[in-house]
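Examination of the molecular architecture
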Amino acid sequence: MTPEEPTMSRAGTVRVLLADDHALLRDGIRPFLTDLAEHVDIMEAVDFDSALDMASERKPDLLLLDLKMPGMAGVETVSAFRKTCPDVPVVIITGQVVREDVLRAMELGASGYLPKAMSGASFVHALRLILSGQPYFSAHLLGSGGGDGESTPAAQQPGGRFADLTNREVQVLSLLVRGESNKEIGLHLGLTEITVKSHMRSIFKKIGAANRTQAVAMAIQQGING
């Protein structure tokens, strides 16, 4: 399975709950969702209560959540969906990117934060990555600069417990922040997936991260760009 393929078979059915109160937005997103798999079952909700009920009863494979729907309490509402369906990746789709909201979404267990202005191709790629089990949080959403994404740690020296990271580990972490999978990081740096996984374990141990999502959040807070 490649990083761009969902965890379920392309011949299987992907169940997506699209929760947004704007019909025009739902109409615009729906065609891209059909590219996720051969069969895509799209459920729709227009407010917090209907979205939470549908998530609980129908157990989608993916939940796309607009923070501005009626009944929503901003990014904090992510926690309600995580409690109701902890195994379902929650992806925030938003027209307004707020740095603090991105970081808080990570802390609450969201699997992605996607601006509505992104291209259709990028949107589909991000959702496939999330369905494969990888979080998607692009560093440029936080206004953290980033240049061409090829810079090495000399230009962005982290402090505190990040100071123990080797140059290679910060390179790996930077690509993780960009949203790349282990395989993509390996191809980018000329490393095997086993070596990338070894670097990941070392990174997590050194910075005290429990998982990839927490590592990304901590890296962004330290100014490590994707």
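Up top you'll find the structure we're talking about.
Structure report, in brief.

So, how was this worked out
- Residues numbered from 1 in each chain as written.
- Predicted model: local features only at pLDDT ≥ 70, side-chain atom pairs only at ≥ 80, totals over all residues.
- Heavy atoms only, no water.
- Helix = DSSP H or I, 4+ residues; strand = E, 2+ residues; numbered from the N terminus.
- Pairing = 2+ DSSP bridges.
- Axes fitted to C-alpha atoms, helices over the stretch in contact; angles between N-to-C directions.
- Buried < 20%, exposed > 50% of the residue type's maximum accessible area, 1.4 Å probe, protein only.
- Right-handed = clockwise from strand over helix to strand, strands pointing away.

**Observations regarding unusual backbone geometry**
- Positive phi values are uncommon outside glycine, yet Lys 59 reaches one of about 45°.
- Within the element layout of this structure, Lys 59 appears in the loop between helix 2 (48-58) and strand 3 (62-66).

**What about the sheet that holds strand 3?**
- Taken in spatial order, the 5 strands make up an open sheet running 2-1-3-4-5, and their pairing is parallel. Single-partner strands in this sheet number two, and they are strand 2 (39-45) and strand 5 (112-115). Adjacent strand axes in the sheet meet at a mean angle of 20° when their direction is disregarded.
- Judged from the 4 bridges that link them, strand 4 (residues 90-94) and strand 5 form a sheet pairing that is parallel. Across the sheet, residue Ile 93 finds its bridge partner in strand 5, namely Leu 114.

**What about the pairing of strand 4?**
- For strand 4, the tally of buried residues reaches 5 of 5 residues, placing the bulk of the element in the interior.
- Judged by which residues are buried, strand 4 turns out to be covered on both faces: Val 90, Ile 92 and Thr 94 on one side and Val 91 and Ile 93 on the other are all buried.
- When strand 3 meets strand 4, the two strands line up parallel, connected through 4 bridges. Looking across to strand 4, one finds that Leu 65 is bridged to Ile 92.
- Crossover connection from strand 3 via helix 3 (residues 78-84) to parallel strand 4: handedness right-handed.
- A crossover links strand 4 with its parallel partner strand 5, the connecting element being helix 4 (residues 99-108), and its sense is right-handed.

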